[in-house]
Amino acid sequence: MSFLKSKFHHPRLARNELGLTHRDYEGSLSTLCAGCGHDAVGAALVQAVFELSIPAHKIAKLSGIGCSSKAPTYFLDQSHGFNTVHGRMPSVASGASMANRSLKYIGMSGDGDTASIGLGQFAHVVRRRLDMTYIVANNGVYGLTKGQMAATAERGSTTKKDNKVLWPDIDLVTMALELGATFVARSFSGDKEQMVPLLKAAICHEGFAFIDIISPCVTFNNHATSTRSYDYVRDHIQEGLIADFVPVTSEITTSYDEGESNDICLHDGSVIRLHKGSNGFDARDRLSSLDAIHKHRENGEILTGLLYCDPTYRDMHDILNTTETPLNSLNENELCPGARTLNGINNAFR
Amino acid sequence: MASITSLNECVIRFANTNGTGSASANNMFAKAIFRMGIPVSPANIFPSNIQGMPTWYDVRVSAQDYMARREGAPDIVVAMNAQSMAEDVENVRPGGFFFYDSSRQIDPALMRQDITFLGMPISEICLREYKAPNLRQLFKNVVYVGAMAALLNIDIKILKDLVADQFKGKEKLVAPNVHALDLGFQYALTHFKCPLSIRLEKTNKVGSRILINGNTATGLGAVYGGATVVGWYPITPSTSVVENFEKYCKRLRIDPASGKNNFAIMQAEDELSAIGIAIGAGWNGARAFTATSGPGISLMSEFLGLAYFAEVPMVLMNIQRAGPSTGMPTRTQQSDVMTCAYASHGDTKQVLLFPSSPAECFQMSAQSFDLAERLQTPVILMSDLDLGMNDQLSEELSWDDKHAYDRGKVLNEQQLDEVEQFGRYLDVDGDGICYRTYPGTHPDKGSFFTRGTSRDEFAIYTEKGDEYVQNMQRLERKFETAAEILPKPVLHPDNSGSSTGVIYYGMSDVAIAETFDLLAEQGHFIDGMCIKSFPFSQTVGDFIDAHDQVFVIDQNREGQMRKLLIIELEQNPAKLVKVTHYDGMPITAEFISQSILRDIIAAPVKRAAKRTGS
């Protein structure tokens, strides 16, 4: 069941440029387990969209099947949502975007949905450079079917039922980088401060933005021998580049010492401001990112933060040369060549 | 030996090797006969490979308008493939003609006394005339077409015009092709008695009809029907639907002001993705389709169920073939009827359309988008390889400029403001079809969450049994509405209230006029009905009820349409007689009439046979 939340709120809640509070961006009451990382991802998304002042109805949220794919019900109530079939959200999102390029598309998926049954669709949606934000709430385990290991679980770790993970894991972040994603980040559902600016930047990025969010499963993968538990992730996380998101309309007030920060200007004029962490690498250089990810991995560390961004690349619609007018708004006048033209075509077959 | 004598009534078979460029020469031959005003029906029988295997091209010429494949041996064989020579000689009808390349001596063991051998040293001639090896091979095809023109009395000027048409923009190629035609034509005139006893003569039997294949018409129909989004994955024999859609879009769908495309086509990674794209676009308000064949249908089935339950409009062009795997799949069949009618898991049902000609492919393809948006469900166009890939003599394509697209029940921002409470699955009008909204329409009304079955009338997640049942009953109501608005079955114009009926669909329709004539010769006059859509309209049940015995023609082993009639209309199986043809070749009138004569209960009557075809 999904339950509607009370719309009652404190009269002095902060309002955004549209005069809306963050409560206006919430969804139904979550039915996920208490403490599930996915709810934190949803909350970060609510805050990000609220702060960006994007009208929720100009966003479409799509998902596949799994705990993570249920999550879109619990945020952005005024957005149309589509719970599709297991592992096939990318194709439905592609078609939706082809039909109307003027909306923002947020895909919510999980490790099973993306790294196993949907790996092919994931690879091709990256390659297609679809203008969307693709979030994987990654907990390394199958929740709805009660605790089977996922393809993102590390070899050697064990499930709650003490089954050893026998196969090497798939790292979706390096895959996305190899396949040409133009925005790649990794985050942790326990770190809202990191998630919100990353989500804002991903949503404003015109092109395929991928965020892998480690989002522990409190019910099936939070035990001592798991490498996706809250404790394990907290102990092994390494924040690479600290990213601030500076929206297009904001005055830039904070100043940083020269050489300490780097700006990446997005299409809409907003800016990702990067501060060098101790593990500095160049987020505009794909190879440098891949190298940093691999090195941390060898040390048993999980590198998080913005990993790569290239705001200059053309997206799917640019490549297809699609008209700016949403295709779903075209009618007979633009689409039907008419009887006279058909007569000419008939003659070509005589 | 008596040679066959006929005028404008024969079958010519070209035996070629795949990948030698024979197809365009053979097409030109058929087109020349068409331009002489004689009804003609060409069919390509090709292997599932790229180069080197035998391929045949059968051309049936029939002033009586018998356009189905003719049973039995061809009257003339043009043998250009040494590999299949023995089989090809054997396959000539007694009294017929065997035209071959005599550059190499024919094996004396192959000679037959009951047919006429016409040898022409085509390879030698091309070796002498052309330097480049690839041209020698290519022009062999044109040379034999020139020779056939002399032998059959085809107007050589028509052939020359066709060459000019074919190489418009590449004029350099016209002269050498015309020369090749002349080489063949003159050689035949000099060395054989022309024309043969099987010959052609100009008539005006073609009228305003055109020669076009179904896939071209289907792709063009999607352009006229307003399709803007396509997801697809290549598979024979459906590929050319999308290729033709793209070809015409590039000509007719570029926005003149911006130079940008009023369409978006995505070649996907597989059929699952292809249909996912169409569903995503349909959900978001664009007219979208995908095209596939048997294996693709299997892969798309899960998504078809989602679209059924989520009530998303989309169109699927299924160009049926034998299957699975490779080989026989380049042959025609109607073997996906059952799997499409009930595609997917759960209690599902799908809307099917059955075109019987390219003109109908065009019209139904365009109409399918109206139906999909009106009914908010997938619509599957059930074509087949024979219809899709072979040129057919068809009524011309027609379009009414007054026709406005039916975009179905969609609420815009103003309409949402006027609604007290929007319920996505609320049956406001009682026809089972509810109102939907496109994403992005209204700031705080009309958004909903799309899922499969677990929702109430307001699209709120629920697992309550009674809400589920209510929704399933409404979907049933929607399909009753569908049965009322889908294309009606076509009753045969010669129906005379006989106690025997015959039901057919798709390409079997092409063999029916000839079937009726063959039956009439035996004193049987039966009624016919061509099914055009599923779920069945009332007329289908009425037709069965009005006859004591009804034959159902299927081009599959299972008699799938017959089974569907039995299941859906709760008909007595004993009354519906199965006639099935499934060897991969199109069904023939001889086969249908023999099958009917074998099992018909009604006694023949003495009445003059009425020739419906002439």
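Every value quoted in this text rests on a predicted model; they were computed, and no experiment measured them. (Residues numbered from 1 in each chain as written. Chains lettered and ligands numbered in written order. Predicted model: local features only at pLDDT ≥ 70, side-chain atom pairs only at ≥ 80, totals over all residues. Heavy atoms only, no water.)

A.B. asks: Would you mind showing me how to read the overall build of chain A here?
C.D. replies: Per the secondary structure count, chain A includes 12 helices and 13 strands. When its C-alpha atoms are laid out on the principal axes, chain A stretches across 75 × 50 × 50 Å. Each of the 350 residues in chain A was classed as buried or not, and the buried ones make up 57%. Element-wise, carbon and sulfur atoms account for 50% of the exposed surface of chain A, whose accessible area totals about 14,200 Å². For chain A, the separation between the mean place of its 33 positive charges and that of its 39 negative charges on side chains is 8 Å. (Helix = DSSP H or I, 4+ residues; strand = E, 2+ residues; numbered from the N terminus. Buried < 20%, exposed > 50% of the residue type's maximum accessible area, 1.4 Å probe, protein only. Areas by Shrake-Rupley, 256 points an atom, 1.4 Å probe, with all protein chains shown as cover. Lys, Arg positive; Asp, Glu negative; His and termini not counted. Charge placed at Lys NZ, Arg CZ, Asp CG, Glu CD.)

A.B. asks: I keep staring at the interface of chain A and chain B and nothing clicks. Help me out?
C.D. replies: A common measure of how large an interface is: the accessible area buried when the components associate. Each partner contributes to the interface: chain A provides 59 residues, whereas chain B provides 78 residues. When chain A packs against chain B, the two sides together hide about 5,600 Å² of surface, and 60% of this comes from carbon and sulfur. If you sort the residues of chain A by the area they bury against chain B, His80, Phe349 and Arg350 of chain A come out on top, with a joint share of 14%. The tally of links from chain A across to chain B stands at 3 salt bridges. (Contact = heavy atoms within 4.5 Å. Buried area = accessible area lost by both parts, 1.4 Å probe. Salt bridge = Lys/Arg side-chain N within 4 Å of Asp/Glu carboxyl O.)

A.B. asks: Help me out: how do you make sense of the domain arrangement of chain B in this one?
C.D. replies: Residues and elements named next belong to chain B. What the domain assignment reports for chain B is domain 1 (6–199), domain 2 (212–394), domain 3 (413–468) and domain 4 (490–599). Inter-centroid distance (C-alpha atoms) of domain 1 to domain 4 is 36 Å. Taken together, both faces of the contact between domain 1 and domain 4 bury some 880 Å²; the carbon and sulfur share is 57%. Summed over the three residues of domain 1 that lose the most area to domain 4, namely Tyr66, Arg69 and Glu71, the buried surface amounts to 64% of that side. Here domain 1 is connected to domain 4 by 1 salt bridge. Residue arginine 60 pairs with glutamate 514 through a salt bridge whose shortest N-O separation is 3.0 Å. Summed over the shared surface of domain 1 and domain 4, the number is 5 residue pairs in polar contact (both at pLDDT 80 or more). Tallied by class, the residues present in the side of domain 1 that touches domain 4 amount to 4 nonpolar, no polar and 4 charged. (Domains from an automatic or database assignment. Polar contact = N/O pair within 3.5 Å; in protein donor to acceptor, adjacent residues only side chain to side chain. Nonpolar A, V, L, I, M, F, W, Y, C, P; charged D, E, K, R; others polar.)

A.B. asks: In this structure, what is going on with the environment of glutamate 311 of chain B? I would like to understand it.
C.D. replies: Residues and elements named next belong to chain B. Along the chain, glutamate 311 turns up in the loop between helix H10 (294–310) and strand S13 (314–320). Linking glutamate 311 and glycine 452, residues 141 residues apart in sequence, is a C-alpha distance of 8.7 Å. Those residues in contact with glutamate 311, other than ones at most four positions away along the chain, are Leu306, Gln376, Arg424, Tyr425, Arg455, Asn471, Arg474, Leu475 and Lys478.

A.B. asks: Mind showing me how you'd approach the sheet that holds strand S13 (residues 302–309) of chain A here?
C.D. replies: Where strands meet in a sheet, backbone hydrogen bonds hold them as pairs that are either parallel or antiparallel. Read from one edge of the open sheet, 9 strands run S9(A)-S13(A)-S7(A)-S8(A)-S4(A)-S3(A)-S1(A)-S2(A)-S17(B), paired in mixed fashion. Edge positions in the sheet fall to strand S9 (237–239) of chain A together with strand S17 (449–450) of chain B, since each of these pairs with one other strand and no more. Where S9 of chain A lies against S13 of chain A, 3 bridges are found, and the strand directions are parallel. The residue bridging glutamine 238 of chain A from the neighbouring strand is leucine 303 of chain A, located in S13 of chain A. Of the strands in this sheet, strand S4 (132–138) and strand S8 (208–214) of chain A are in contact with helix H5 (residues 119–127) of chain A, which crosses S8 of chain A at around 140°. (Pairing = 2+ DSSP bridges. Axes fitted to C-alpha atoms, helices over the stretch in contact; angles between N-to-C directions.)

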